[in-house]
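Overview (structure and organization)
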Amino acid sequence: MGKVKMSKLTVVSHTKYREKLFSVLQHLRAVHLEEVSKTPPIVDEEKLSELNHSLTQLKYAISSLLKFKKKKRSPIETFVELDHRMPISKSRREEVAKSFIGNINNFSSEIKKGENKLAELNSEIAQIEEKKESMQKFLFLDVPLSKIGETSQTNILLVRIKDAELKKIAKHSEHIAFEIMQKGPSLTVILVVAKGFEKELKKYKYEPINLPKVEFDGTPAEIIKELERKRVKLIEEKEQTTESLKEFLKQLEKAQITYDYLMSEKKKLEATKKLLFTKQTFTLAGWVPTNRVDEVKRAAEKATDKVCYIKVEEASPKEHPPILLKNNWLSKPFEIVTTTFGLPNYFESDPTPYLAPFFFVFTGLCLTEAGYGIVLAIGALILGWKIKQMRSFAFLLFLIGVSTTIAGALIGSWFGGLIPLKPIWFDSFKYPLTFLILSLVIGIVHLVWGLLVKFYEEMKAGRIFSAFADSITWAVLLLSISGIIAGSNGVLSSSATKILTYVAGGDVLILILTQGRFEKSIFKKLITGVLSLYGLIGYLSDVLSYSRLLALGMATGVVALIVDELAKLSMSIPIIGIVAAIGVLIIGHLFNLIISTLGAYIHSSRLQYVEFFSKFFEGGGKYFKPFSSADVYTKEVQ
Amino acid sequence: MDVGLGMVIAITGAALAVILPGIGSALGVGLVGETASGVVAEDPEKFGKLLILQALPGTQGIYGLLAGFLIIMKLGLLGKMIAVSVEAGTAVLGAACPIAIVGLISAIIQAKVAAAGVGVVAKRPEEMGKAIILAAMVETYAVLALLTTILLLNGISV
């Protein structure tokens, strides 16, 4: 339970079998390779760079093609990436890849050409559209643009000018002719100016208008028409290019399979760096789940025609075997809580089964809202039903929903006050102090549980004295002090309280005597022992930290109540009152549900990491990453 | 009925309980949002994860609203208003202080941690849980302040 047992595997064989052995191991996915020599052997760099080149080409081509593929994305994919990889067998992958490899250069360069063409066309279209836009302003001109400019005798200008100013210029009728093209606050005018008059003209106020440059002539209306014709033609061409690129979609699957195949080849080459070579032999070392050792052994013997030496050993405490968690169906969904913090090391227990019941209770209390619990549970069922990949998380969400419903029915509410059901145990709104005491008591149980786990871990490691002196002592002290506080409030009889006082006193004495045991001088031993009592402050703040269960639990209830009140207020809107109220209810409760669930999840995790794990958890494990084929676009099936 | 001085002071308490953590959360959510936008521009797929980080400093505003609403209910402002002595009104104002002040400050500081966490999501999205927990450590003190406010309000009889 908790973790998979690992065995250390060493294989020595002849170099010519390396390739075949790697292929088999890649398919088995059971060996986590370790480096055998500190200095990596030289691999075939030429082959590696060739592989890298092909992989880059394929990657570019595939990602270009994927842009043309219609993607159906469910809203859930904003939060998680779903697995769309196509399952494929090892032999089929190899077959497809071998037939496609010769085609890679052609395939990717064609796609690259198409892509470049598209980019060119796009920029041309954008330019034409810009020209059309600027030409739009001159639609009032009904003369060809080439008429405006210099002739042998005159200068023809297009200017913007005020009415009064124009009248002044008009007086020089022997040098100037004009035609008003457009009226407005200021006039737009074509001025025909005789050569030699330009200097005189500068005395008047006018603003010359620059015409946009176009490579062909005509009136602005004609030019726009011509530009539009060109644009349509370019768009047609763009569509054609797109279509011809889409033709390559037929080969996309093959390209993806080939990519994965080549990537697997690359992984093999890179894994070679972990081996130790002599002239004739190689040595491979790695970790194998103990229950798969026989399978791996048989496969290795077969791959090397029995020309091999295989050694299987137990893990020694100096080594760091990788971690593969394994829990039963009920605690498996809680693995995500553990792995978010980090993996346990190989020689301690997996904390998942220990934290699971508490995480269940904490999330429920952080929400304390029966209506939300039912919605969560139903939502989780739908999520798990629709998306197989998220089954485990959906199950966790379902459990949170169940826990929330129970907590809500016992001490909380149903959608604020929407469904007027009385809490079965006590009303957390009327008796927040009772809720607080409940939270703290659960906290003390959690902490004592953590100390007991530590006791178990120390016993398992054979440190019996530490097991009693460092965990049982604190657990007894925590419990007896809690008992004394309970007794002073009249929960326990006075004689029982008295006994507990003696227990606590004795316990403190033991702590003083034992906690300094690693110091050298007697004096230092005593001082350290006394100072260790400061640890009590740590425990006090740990216990108080559980008061967040009350705060978060009530927060959910109060916000639900606010939503109900808002809905009541919007009922008074005439005519649409009912619709508005229903809208407020749905949106408000949904918002509260999401935010509160997020908070409940985070704070329940924190109580595990900071308060619980600090009592016994060491961590520092690394994931079991078996040597395998690459599954980027497709998935190899066993 | 007339609104007495006691009532005015108590309402001020409710208002502050909503205003200050609200400001803190608005600043905080804004800060994380700005940082997150940079990552979304590079990699829009990370939007969902970043949204969760952005929501973290938003809770203080909700706690403030919650405290404000508790006071409103206590004063009977939604139904039949009750008479509040100056002493009781001042006590309510005092009870609002923990969440008002701690909410404001913790939201801003939590936002800084969450904004730094955006970098974690950008580089190592699989480690997002750790970024969230780091930011959630700050929120502890807002939760404790809210708890104190709730308990104080519960203890005051108006």
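Predicted, not measured: the structure shown is a model, and the values here were computed from it.

Reading the values: rules and limits
- Residues numbered from 1 in each chain as written.
- Chains lettered and ligands numbered in written order.
- Predicted model: local features only at pLDDT ≥ 70, side-chain atom pairs only at ≥ 80, totals over all residues.
- Heavy atoms only, no water.
- Helix = DSSP H or I, 4+ residues; strand = E, 2+ residues; numbered from the N terminus.
- Rg over C-alpha atoms; globule rule 2.2 N^0.38 Å.
- Buried < 20%, exposed > 50% of the residue type's maximum accessible area, 1.4 Å probe, protein only.
- Contact = heavy atoms within 4.5 Å.
- Lys, Arg positive; Asp, Glu negative; His and termini not counted.
- Charge placed at Lys NZ, Arg CZ, Asp CG, Glu CD.
- Pairing = 2+ DSSP bridges.
- Salt bridge = Lys/Arg side-chain N within 4 Å of Asp/Glu carboxyl O.
- Polar contact = N/O pair within 3.5 Å; in protein donor to acceptor, adjacent residues only side chain to side chain.
- Nonpolar A, V, L, I, M, F, W, Y, C, P; charged D, E, K, R; others polar.
- Phe/Tyr/Trp six-rings, centres within 6.5 Å; stacked < 30°, edge-to-face > 60°.
- Axes fitted to C-alpha atoms, helices over the stretch in contact; angles between N-to-C directions.
- Parallel < 35°, antiparallel > 145°, perpendicular 65-115°, else oblique.
- pLDDT = per-residue confidence, 0-100.
- Left-handed = near helix turned anticlockwise from the far one by under 90°.
- Patch = residues over 30% accessible without salt bridge, like charges linked within 9 Å, V, L, I, M, F, W, Y side chains within 5 Å.
- Areas by Shrake-Rupley, 256 points an atom, 1.4 Å probe, with all protein chains shown as cover.
- Core = buried A, V, L, I, M, F, W, Y, C linked by side-chain atoms within 4.5 Å.

Our focus in this paragraph is the overall build of chain A. Secondary structure summary: chain A contains 20 helices and 13 strands in total. Against the 2.2 N^0.38 benchmark of 26 Å for 638 residues, chain A shows a C-alpha radius of gyration of 40 Å, more extended than a compact globule. With the principal axes as the frame, chain A shows a C-alpha extent of 125 × 85 × 55 Å. Across the 638 residues of chain A, 46% fall into the buried class. Counted over contacts in chain A with a minimum sequence separation of 6, partners at least 24 positions apart contribute 81%. One finds the centroid of the 84 positive side-chain charges in chain A at a distance of 4 Å from the centroid of its 66 negative side-chain charges.

Another aspect to go through is the sheet that holds strand β6 (residues 176–182) of chain A. All names here are of chain A. Ordered by their spatial adjacency, four strands build an open sheet running β6-β7-β5-β8, and the pairing between neighbours is antiparallel. Looking at strand neighbours, the two that pair on one side only are β6 and β8 (207–208), the edges of this open sheet. Two elements, strand β5 (residues 154–161) and β8, share two bridges in a ladder whose sense is antiparallel. Bridging from a neighbouring strand, Val159 pairs with Pro208 of β8.

Residues and elements named next belong to chain A. Counting buried positions along strand β10 (residues 281–289) gives eight out of nine residues, so the element sits mostly inside the fold. Across nine bridges, the pairing between strand β2 (residues 6–14) and β10 is antiparallel. Paired with His14 across the two strands is Thr281, which belongs to β10. Taken together, the three bridges between strand β3 (residues 32–34) and β10 define a ladder with antiparallel strand orientation. Across the sheet, residue Leu33 finds its bridge partner in β10, namely Gly286. In textbook terms, the turn of a hairpin is the stretch between consecutive antiparallel strands, and for strand β9 (residues 276–277) and β10 this stretch comprises three residues.

The interface is formed by 32 residues belonging to chain A together with 31 residues belonging to chain B. Between chain A and chain B we count zero salt bridges in total. Taken together, chain A and chain B are joined by three residue pairs in polar contact (both at pLDDT 80 or more). Contributions of two or more residues to the side of chain A that touches chain B are made by α10 (335–341), α14 (432–460), α19 (548–570) and α20 (577–616) of chain A. The element that contributes the greatest number of residues to the side of chain A that touches chain B is α19(A), accounting for eleven residues. Looking at the side of chain A that touches chain B, its residues break down into 21 nonpolar, six polar and five charged.

Moving on, we get to unusual backbone geometry. Residue and element names in this part refer to chain A. Despite not being glycine, Lys306 has its phi angle at roughly 65°, a positive value. Counting through the fold element by element, Lys306 comes out in the loop between α9 (293–303) and β11 (308–314). Non-glycine residue Ile575 carries a positive phi angle of around 65°. Along the polypeptide, Ile575 turns up in the loop between α19 and α20.

Bringing the packing of aromatic side chains into the picture now. All names here are of chain A. A full pass over the atoms with the stated rule returns 29 aromatic pairs over all chains. For the pair Tyr609 and Phe613, a centre-to-centre distance of 5.8 Å together with 45° between the ring planes defines the contact as tilted. With a gap of four residues between them, Tyr609 and Phe613 both fall in helix α20, about one helical turn apart. Owing to a relative accessible area of 6%, Tyr609 belongs among the buried residues under this scheme. Measuring from ring centre to ring centre gives 6.1 Å for Phe613 and Phe616, while their planes differ by 75°; the resulting arrangement is edge-to-face. A residue pair is termed a helical-turn pair when its members lie 3 or 4 positions apart in one helix, as Phe613 and Phe616 do in helix α20 at three residues.

Turning next to the packing of helix α12 (residues 370–386) of chain A against α20(A). Residue and element names in this part refer to chain A. Relative to each other, α12 and α20 sit at 80°, their axes nearing to 11 Å. As judged from the angle between their axes, α12 and α20 are roughly perpendicular. Across from Tyr372, Val375 and Leu376 in α12, the residues of α20 making contact are His589, Asn592, Leu593 and Thr597. Residue classes in the contact of α12 with α20 are distributed as four nonpolar, three polar and no charged.

Attention shifts here to the confidence of the model for chain B. Of all residues in chain B, 99% have pLDDT values of 70 or greater, and the mean over the chain is 89. Predicted complex, confidence summary: ipTM 0.77, pTM 0.81.

Residue and element names in this part refer to chain A. Relative orientation of the contacting elements helix α11 (residues 352–367) and α14 amounts to 170°, with a least axis distance of 11 Å. Considered as vectors, α11 and α14 are oriented roughly antiparallel to each other. At the point where α11 passes α14, the crossing takes the left-handed sense. Taking contact as the criterion, the partners of Tyr354, Phe358, Val361, Phe362 and Leu365 in α11 are, on α14, Phe435, Leu438, Ile442, Val445, His446, Trp449, Val453, Tyr456 and Glu457. Along the lines of polarity and charge, the residues of the contact of α11 with α14 split into twelve nonpolar, one polar and one charged.

Another aspect to go through is the pairing of β2(A). The sheet contact formed by β2(A) and β11(A) spans seven bridges and is antiparallel. What sits directly across from A:Thr10, in β11(A), is A:Lys311.

This part takes up the side chain of A:Glu458. Residues and elements named next belong to chain A. Relative to the helices and strands, Glu458 is located in helix α14. On the basis of relative accessible area, Glu458 is assigned to the buried category, the value being 13%. When sequence neighbours within four positions are dropped, the list of residues in contact with Glu458 reads Arg463, Ser466 and Ala467.

What follows concerns a nonpolar patch on the surface. On the surface, a cluster of nonpolar side chains totalling about 970 Å² of accessible area is made up of A:Met571, A:Ile573, A:Ile575, A:Ile576, A:Ile578, A:Val579, A:Ile582, A:Ile586 and A:Ile587. Of note, A:Val579 is situated in helix α20.

Residue and element names in this part refer to chain A. Turning to its location among the elements, Asn155 is positioned in strand β5. By relative accessible area, Asn155 is classed as buried at 16%. In this structure, the C-alpha to C-alpha distance between Asn155 and Ile176, residues 21 residues apart in sequence, is 9.8 Å. Apart from residues no more than four positions distant in its own chain, Asn155 is found in contact with Gly149, Glu150, Leu191, Val192, Val193 and Glu198.

Core analysis: the biggest nonpolar cluster contains 102 residues, and A:Leu365, A:Phe435, B:Tyr63 and B:Leu66 have the highest contact counts within it. Here the element with the most residues in this core is helix α5 (residues 128–155) of chain B; it accounts for twelve residues. When residues no more than four places from it in sequence are discounted, the contact partners of A:Phe435 are A:Leu365, A:Thr368, A:Ile411, A:Phe426, A:Ser428, A:Leu549, A:Leu550, A:Gly553 and A:Met554. One finds A:Leu58, A:Phe100, A:Ile104 and A:Leu245 within the second-largest nonpolar core, a separate group that totals 23 residues.

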